[in-house]
Amino acid sequence: MTRPEVTVKIPAELRLFVPADRRAAATTLTTDGSSSLGHVVESLGIPLTEVGGLAVDGREVPAGHVPSAGEVVEVRAVTRPQQVPGAPLRFLLDVHLGTLARRLRLLGVDAAYESEDIGDPALAALSAKERRVLLSRDRGLLRRRELWAGGYVYSDRPEEQLQDVLGRFEPVLAPWTRCVACNSPLRDADKESVRDRLADGTRRTYDVFAECTGCGRVYWRGAHHTRLAAVVEQALRDHGERRLPDGG
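Model, not experiment: these values are computed from the prediction. (Residues numbered from 1 in each chain as written. Predicted model: local features only at pLDDT ≥ 70, side-chain atom pairs only at ≥ 80, totals over all residues. Heavy atoms only, no water.)

### Here we look at the overall build of the protein
When helices and strands are tallied, the protein shows eight helices and 12 strands. Taking the principal axes of its C-alpha atoms as reference, the protein extends roughly 80 × 35 × 30 Å. In the protein, which comprises 248 residues, the proportion classed as buried is 45%. Sequence separation of 24 or more characterises 58% of the internal contacts of the protein that already satisfy a separation of 6 or more. (Helix = DSSP H or I, 4+ residues; strand = E, 2+ residues; numbered from the N terminus. Buried < 20%, exposed > 50% of the residue type's maximum accessible area, 1.4 Å probe, protein only. Contact = heavy atoms within 4.5 Å.)

And the structure:
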């Protein structure tokens, strides 16, 4: 079988996925003549979750297109903000993104998180079952066919990770409405109803409380509030103004 040679153009923002010797604006590949264009792109190391479109000789083509000899393939990055089908927008984070999960929850974003490694197949299946966007820095995980939707987290720093996810997906922000421990919604709680779960000093000092509807954890504006408020305020300044719910 003839092994077609094609030229692949890769945008600058996706070249970090590609081996160093192929990180030019265009690279030449010899294909097997039967693999889809999606497989060809993934063979370069680029997860399809990061591809916003594919074009061959200037015309849009699906990932299932089988490239022919001499074709020029253009790989396009995801357009930001990225539109994800279905609502509401929900996320699933892998075991390495616990801090990001807690910060998303702090902002009221539905962010499921597995604190133990349940394995790539189970994570991908959960993404499909619950229609959640799987966030990960594991390129292999993002290549699994079962995924409903996914996104590569480009930084290893939580502050940058949060900015990246908020800028890419533009989730609705509703700070202080979700439990950072279990992801369930919070509700206002009367002090008397949670008194037996408070330390003596907390009972004496604070009067306003919220309670998790899932795990029962009690929240108040304690010593860590200033630091958490700074995270919230930064997110609202950068991403929240036109996405806050009515009255938020």
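### Details of the environment of Leu173
Residue position: Leu173 is located in the loop between α5 (158-169) and β10 (186-189). On a C-alpha basis, the gap between Leu173 and Leu236 in space is 7.8 Å, while along the polypeptide they are 63 residues apart.

### Some remarks on the environment of Lys191
Assignment of secondary structure puts Lys191 in helix α6 (residues 191-194). Residues Lys191 and Tyr206, spaced 15 residues apart in sequence, show a C-alpha to C-alpha distance of 8.7 Å. Residues in contact with Lys191, not counting those within four places in the same chain, are Arg203, Tyr206, Asp207 and Phe209. Polar side-chain contacts of Lys191 include one of 3.0 Å to the side chain of Asp207. (Polar contact = N/O pair within 3.5 Å; in protein donor to acceptor, adjacent residues only side chain to side chain.)

### Section: the layout of surface pockets
Roughly 780 Å³ of volume is contained in the largest pocket. Lining the largest pocket we find 25 residues, and of these Leu106, Trp176, Tyr219, Trp220 and Leu228 sit closest to its centre. If you list the elements that add at least two residues to the lining of the largest pocket, you get α2 (98-106), β10, β11 (209-212), β12 (218-219) and α8 (225-240). Its residues assigned to classes, the lining of the largest pocket comprises 13 nonpolar, four polar and eight charged. (1 Å grid on protein atoms, 1.4 Å probe; cavity = no way out; pocket = protein on both sides within 12 Å on 5 of 7 lines; lining within 4 Å. Points joined across faces, edges and corners; volume = space filled by probe spheres on them. Nonpolar A, V, L, I, M, F, W, Y, C, P; charged D, E, K, R; others polar.)

### Some remarks on the sheet that holds strand β8 (residues 133-136)
Strand order across the open sheet formed by four strands is β7-β6-β8-β9, with parallel pairing between neighbours. Sheet topology places β7 (111-113) and β9 (149-152) at the edges, where each strand pairs with a single neighbour. Averaged over neighbouring strand pairs, the angle between their axes works out to 25 degrees when direction is ignored. Sitting on the sheet, α5 touches β6 (91-93), β8 and β9, and the angle it makes with β9 is about 135 degrees. (Pairing = 2+ DSSP bridges. Axes fitted to C-alpha atoms, helices over the stretch in contact; angles between N-to-C directions.)

### Things to note about the packing of aromatic side chains
Applying the stated criterion to the full structure yields six aromatic pairs. Plain terms: the ring middles of Phe91 and Phe169 are 5.4 Å apart, the flat faces sit at 70 degrees to each other, and that makes the pair edge-to-face. Separated by 78 residues along the polypeptide, Phe91 in strand β6 and Phe169 in helix α5 bring together distant segments of the chain. Looking at Phe91, the relative accessible area reads 0%, which means it is buried. When the centroid spacing of 6.1 Å and the interplanar angle of 65 degrees are considered together, the rings of Phe209 and Trp220 count as edge-to-face. Here Phe209, found in strand β11, pairs with Trp220, found in the loop between β12 and α8; they are 11 residues apart in sequence, far enough to count as distant. (Phe/Tyr/Trp six-rings, centres within 6.5 Å; stacked < 30°, edge-to-face > 60°.)

### Focus on the pairing of β9
Burial along β9 is two-sided: Ala149 and Gly151 facing one way and Gly150 and Tyr152 facing the other are all buried. The pairing of β8 with β9 spans four bridges and is classified as parallel. When the sheet's bridge partners are listed, Val133 is paired in β9 with Ala149.

### Some points on empty space enclosed by the protein
The full count for this structure, using the stated rule, is one cavity of 30 Å³ or more. Here the largest cavity is characterised by a volume of approximately 30 Å³. Taken together, Leu135, Gly151, Tyr152, Val153, Asp164, Val165, Arg168 and Phe169 make up the lining of the largest cavity. Counting residues per element, the ones that place at least two in the lining of the largest cavity are β9 and α5. The greatest single-element share of the lining of the largest cavity, amounting to four residues, is contributed by α5.

### A word on α5
Taking 1.5 Å per residue, 12 residues should reach 16 Å; α5 reaches 16 Å between its end C-alpha atoms and fits that length. Buried residues in α5 make contact with β6, α2, β8, β9 and α8. Immediately beyond the C-terminal end of α5, within one or two residues, lies Glu170, with a positive phi of roughly 50 degrees. (Expected span 1.5 Å × (residues − 1).)

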